[in-house]
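The lines below spell out each chain.
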Amino acid sequence: MDLATLKNTLSTDIQCREYLATLRWKNGFVCPKCQHNEAWKTKEMKYKCKKCGHKLSVTSGTVFQNSHVPLNKWFLAIWLFAEYGKKVTADMLQNELELGSNRTALSIIKKLKKAKLTTKIKKLGHTVEITQHPFDFRGQKIYVLVATEIIGNALGQIRIQKSEYRNKTQIIDFIKNNVLPYDLFINDLKPEQKKKQVGIVTQLLTQEDMGSDYNKLIKSPSYQYRFTKKVLYNFKDWMYMKCPKDKFEQGCKIYCVIHNSKYISMTFEELLEKLLLQKVRK
Ligand SMILES: [Zn+2]
C-alpha cells in the first residue's frame, strides 16, 4: 500500500476498524470466549457473538485497545516504520503524527520494533560464506560457526553459533538449518547473472562429507572471507562489551537478531498483522 492510498482510504476511525477486521478475522470471525464463528455487528462498531452474546470491538485484546492514539495515526506510524525502519525516530513520529508527547511516540516505536523482532527470519541466500573460528572469550576457548550472506557486494544476514572444532555433522546441520537449498537459487538466476558466484563458499567440507552436493560449493583456496572477518570483528567487540561469561550461546543469538533486524523488511500489512497478534498486559 502506498502512502496516498493509506491516507485516502484509511483516514476515518470506521475505515480503519473495518480494515482491521479484515486482517484480524481473515478466516472469519472467532469469538474469544466461546470460539463460535458468527457475530452481529452492532451500531457502536462492536461485534456480538451470536452464540454467547460476548461483545467486543475489533481492537479488543490488541495493542490498539485503550490507546489514546487514533487508529489512523497508528496506521501512519506503521506505514512509516515499514518503509523507513530504524530511521524512524520518536521525534519524527511525534511530528508526523502530531502527537502530544514524545513518550507516546516512543511507546509506539517500542511496539513496532517488538512486532518486527517476532518475525520469522528467512534463511540465508545469495552467496554465503561458511567458516569456523576460534574465539578466546573471557578465558575460555570457544569455536564458532559463522554464516555470512553477501548480496551483490554488500553484507546481508548472519548466523553465529557455538560449535565443536571441525565437527562435520554439525557443520552440515548448520548449513541445512540456516541456508537456503543452494541449487535452488543458482537455477533461479537470469543468464547474465550466472557468471556471478552464487552459493556456499567453504573450505570446511570435503567431497566425502557431502557427496554430490560438494560440486555445488564454491571452493576457491584463495578466498579471503572478507565479509566474515568484518562480522567477527564487530561480533567480538560486542560480546566483550555485553555478554557475560556464562551466557555465550544466548549472546550469539541476541547479536544475530540485532544484526539481522536491519535486513528484515516487512510490508505495512504484515507489520499490522503482527501487531494484532502482540500480547497485551491486561
Ligand atoms: Zn461467543
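About the criteria used
Residues numbered from 1 in each chain as written. Predicted model: local features only at pLDDT ≥ 70, side-chain atom pairs only at ≥ 80, totals over all residues. Helix = DSSP H or I, 4+ residues; strand = E, 2+ residues; numbered from the N terminus. Expected span 1.5 Å × (residues − 1). Buried ≥ 20, exposed ≤ 12 C-beta atoms within 10 Å, placed from the backbone. Arc of directions from axis to C-beta. Domains from an automatic or database assignment. Contact = placed C-beta atoms within 7 Å. Pairing = 2+ DSSP bridges. Axes fitted to C-alpha atoms, helices over the stretch in contact; angles between N-to-C directions. Parallel < 35°, antiparallel > 145°, perpendicular 65-115°, else oblique. Nonpolar A, V, L, I, M, F, W, Y, C, P; charged D, E, K, R; others polar.

Digging into helix α9 (residues 226-242)
Okay, so step 1: Spanning 17 residues, α9 covers 24 Å between terminal C-alpha atoms, matching the ideal 24 Å at 1.5 Å per step.
Okay, so step 2: Of all the residues in α9, the buried ones are Phe227, Thr228, Val231, Phe235 and Met239. The buried residues of α9 occupy one face: seen down the axis, they fall within an arc of 85°. Facing away from the buried surface of α9 by more than 90 degrees, the exposed residues are Arg226, Lys230, Tyr233, Asn234, Asp237, Tyr240 and Met241.

Let's talk about the environment of valine 198
Okay, so step 1: Inspection of the secondary structure assignment puts valine 198 in the loop between α7 (182-188) and β7 (199-201).
Okay, so step 2: Along the backbone, valine 198 and leucine 217 are 19 residues apart, and their C-alpha atoms lie at a distance of 9.0 Å.

Focus on the domain arrangement of the chain
By convention, interface size is frequently given as the accessible area that disappears when the constituent parts associate.
Okay, so step 1: Per the domain assignment, the segments making up the chain are domain 1 (3-119 + 266-277) and domain 2 (127-263).
Okay, so step 2: Centre-to-centre separation of domain 1 and domain 2, based on C-alpha positions: 38 Å.

Considerations on the environment of threonine 5
Okay, so step 1: Looking at where threonine 5 falls in the secondary structure, it is placed in helix α1 (residues 3-9).
Okay, so step 2: Measuring from C-alpha to C-alpha, the distance between threonine 5 and glycine 61 comes to 27 Å, with 56 residues separating the pair along the chain.

A short note on helix α5 (residues 102-117)
Okay, so step 1: For α5, with 16 residues, the first-to-last C-alpha span of 23 Å sits near the 22 Å given by 1.5 Å per residue.
Okay, so step 2: For α5, the full list of buried residues reads Ala105, Ile108, Lys111, Leu112, Ala115 and Lys116. Down the axis of α5, the sector holding all buried residues measures 140°, keeping them to one side. When the buried face of α5 is taken as reference, the exposed residues oriented beyond 90 degrees from it are Arg103 and Lys110.
Okay, so step 3: Where α5 is buried, its residues touch α3 (71-84), α4 (90-96) and α11 (268-277).

Let's talk about the sheet that holds strand β2 (residues 46-49)
Okay, so step 1: Strand order in this open sheet of three strands is β1-β2-β3, and the pairing throughout is antiparallel. With one partner strand each, in any of the chains shown, β1 (39-41) and β3 (55-57) form the two edges of the open sheet. The sheet shows a mean angle of 30° between the axes of neighbouring strands, taken without regard to direction.
Okay, so step 2: Here three bridges tie β1 to β2, and the two strands are oriented antiparallel to one another. Across the sheet, tryptophan 40 pairs through a bridge with lysine 48, a residue of β2.

Considerations on the environment of glutamate 164
Okay, so step 1: Inspection of the secondary structure puts glutamate 164 in the loop between β6 (154-163) and α6 (168-178).
Okay, so step 2: As for glutamate 164 and proline 134, which are separated by 30 residues in sequence, their C-alpha atoms are 9.9 Å apart.

Some remarks on the packing of α5 against α11
Okay, so step 1: Contact pair α5 / α11: the axes reach a minimum separation of 9 Å and the direction vectors enclose 100°. What the angle tells us is that α5 and α11 run roughly perpendicular. Listed contacts from α11 to Lys111, Leu112, Ala115 and Lys116 of α5 are Leu271, Lys274 and Leu275.
Okay, so step 2: For the contact of α5 with α11, the class distribution of residues is four nonpolar, no polar and three charged.

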